[in-house]
Amino acid sequence: MSNADQISEYIVREFLPDLTPSQLPPDLDLLADGAIDSLGVLKMIAWVEHHFRLAVGDTDLDPENFRSVNAIDAYVARSQSTAATGG
Amino acid sequence: MRNRDADQQALCAGMAQWGKTLSEGHIEADARSAFEPHRWRSLAGSGVLGLPFPQQWGGAGQSLLTTLHVLETLGETCRESGLNFCATTSMASTGVPLAAFGGDALRERYLPGICSGELIGAHAITEPDSGSDAMAMTTRAERDGTHYVLTGGKAFVSNGPIADVFVVYARTRPEGGPLGTTAFLVDRDTPGLSVGGPTAKMGLRTAPLSTLHLDGCRIPADRVLGRTGGGLLVLDHVMKREILFGFTVQLGEMRHRLERTVAYARERRAFGHPIGDYQAVSHRVVDMKIRTETAAKWLYDTAERLAAGEDVTADLAMTKILASEAALSTSLSAVRVFGGAGYLTEVGLEKEVRAAVAGTLYSGTNDIQYNHVASTLGLGG
């Protein structure tokens, strides 16, 4: 299962139970009003960083990295790539 | 009462010895709406302020559960509920985020003072126009080189008039939704920071409350607690401990209230019998007992689950509702069992009613807590 699929499945399971993963548009703005509440966003970030074992350190929590499934997928790929290259 | 191990019993016994000193003249202090530094120093001398914090930063390194047992004893033995509130506010608002999110330099500089009581902490979250809606805050922090510049205003800052250091929550990205808020540690003497005078209020009158104004306060960027944009993560962590600390103290206060009410119901006679012989009274006292023990179970069970790393979002909201409503209900019941005497200031029970009302409002109003639970059920819009 791709990272994007894992992210979609998690978001649907936890926050949008009326949808199936395939019904979740990968560019849906998750931070917009009504998609996921603020506590849900915090929970989602904790899951992303734990599930993909991202070494987050003291990096800024840039909302653009968590705005959609596509954005999270790209953020995970960048973080893993940075960790792999020691950058 | 939950079982306590030998260490917990010893710590609680030590805390209980301070009760008389801390309580002396509490009714008069409430009438004067006076925070009394000498009383704070006595409280600090008990060591309670540093209980949950690492020993390397001046704390006692105790677990969350042990800390709660001692705080329950504080509530049970110290009648100065405003002082108790100041204590848990300083610990939760400032000590907790420093310990969990502060860098070593910040911990080294501030935590020993928070643990010893030489520093008093406060946090500034609520704003005049946004109340419980933390997402709607307008205080902003703009990056300027190696600093942030904070501008805005806060309201309902508990400990504000006496605080040496504030944890200020401000928007670093106004369009960032839940990731647009950051927590900053701000010294009281920072140019541009001004604290309003103590605000008169219904209860907890010895725990001063104020507004806070930030007019271009330049804060070094290393004063960020946690990550930039992670303010709500800090706040979520803090509020869980604030609720547990504050309402476990109230649990102790409920235990004392119950004990006092039972004793009165046995002694006070009417129509030839102790009033406790009448079901109208005994059932009311039993209701106090049920509410007190229910609060205890929820507080400690939720704390155990939190310490185990479980998601306690809904449990904590329910705990806060149950404990605060229990405190209010039992405080009113005590007044009614005492009758006219309970209405007298000198008896000290009406003060407890006024204090208990506050518990339904601070740490997230009970209405907001209902919203939290509703959202976990997929309800509430």
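Cut-offs used in this document
Residues numbered from 1 in each chain as written. Chains lettered and ligands numbered in written order. Predicted model: local features only at pLDDT ≥ 70, side-chain atom pairs only at ≥ 80, totals over all residues. Heavy atoms only, no water. UniProt positions renumbered as here; feature names shortened; annotations may be inferred. Helix = DSSP H or I, 4+ residues; strand = E, 2+ residues; numbered from the N terminus. Expected span 1.5 Å × (residues − 1). Buried < 20%, exposed > 50% of the residue type's maximum accessible area, 1.4 Å probe, protein only. Arc of directions from axis to C-beta. Contact = heavy atoms within 4.5 Å. Polar contact = N/O pair within 3.5 Å; in protein donor to acceptor, adjacent residues only side chain to side chain. Buried area = accessible area lost by both parts, 1.4 Å probe. Salt bridge = Lys/Arg side-chain N within 4 Å of Asp/Glu carboxyl O. Nonpolar A, V, L, I, M, F, W, Y, C, P; charged D, E, K, R; others polar. Domains from an automatic or database assignment.

You'll find chain B entered in an unreviewed UniProt entry as Acyl-CoA dehydrogenase family protein, with Streptomyces durocortorensis given as the organism. Reading the Sequence similarities (unreviewed entry) entry of the UniProt record for chain B gives the comment "Belongs to the acyl-CoA dehydrogenase family." Recorded in UniProt under Cofactor (unreviewed entry), the annotation for chain B is "FAD".

In the annotation of an unreviewed UniProt entry, the entry for chain A reads Acyl carrier protein, and the organism field reads Streptomyces durocortorensis.

Novice: Which parts of the structure should I look at to understand helix H8 (residues 231-267) of chain B?
Specialist: In an α-helix, one turn spans 3.6 residues, which is why side chains three or four residues apart end up on the same side. An ideal rise of 1.5 Å per residue puts 54 Å on 37 residues; H8 of chain B measures up with 53 Å between its terminal C-alpha atoms. The element H8 of chain B is largely enclosed, with a buried count of 27 among its 37 residues.

Novice: Got a minute to help me understand helix H1 (residues 6-16) of chain B in this structure?
Specialist: Residue and element names in this part refer to chain B. Residues of H1 that are buried include every one of Gln 8, Cys 12 and Met 15, and no others. Angular distribution of buried residues about the axis of H1 spans 55°; they occupy a single face of the element. Relative to its buried face, H1 has exposed residues pointing more than 90 degrees away, namely Ala 6, Asp 7 and Ala 10. Along its buried surface, H1 packs onto helix H2 (19-23) and helix H5 (64-77). For H1, the N-terminal capping position is held by Asp 5, with its side-chain oxygen 3.1 Å away from the main-chain nitrogen of Asp 7.

Novice: Is there a simple way to think about the interface of chain A and chain B in this case?
Specialist: A common way to report how large an interface is uses the accessible area buried once the components associate. Facing 19 residues of chain A, the contacting portion of chain B comprises 17 residues. Summing both sides of the interface, chain A and chain B together bury roughly 1500 Å²; the carbon and sulfur share of this comes to 65%. If you look at where chain A meets chain B, you find 3 salt bridges. Between Asp 62 of chain A and Arg 173 of chain B there is a salt bridge; the shortest N-O distance is 3.6 Å. Seen at the junction of chain A and chain B, the total is 3 residue pairs in polar contact (both at pLDDT 80 or more). Here the residues of the side of chain A that touches chain B sort into 9 nonpolar, 3 polar and 7 charged.

Novice: For this particular structure, what's the right way to read the domain arrangement of chain B?
Specialist: All names here are of chain B. As far as domains go, chain B holds domain 1 (6-119), domain 2 (122-229) and domain 3 (232-376). Using only C-alpha atoms to locate each centre, domain 2 and domain 3 end up separated by 30 Å. For the domain 2 and domain 3 pair, buried surface summed over both sides reaches about 1100 Å², with 73% attributable to carbon and sulfur atoms. One can count 0 salt bridges joining domain 2 with domain 3. Seen at the junction of domain 2 and domain 3, the total is 2 residue pairs in polar contact (both at pLDDT 80 or more).

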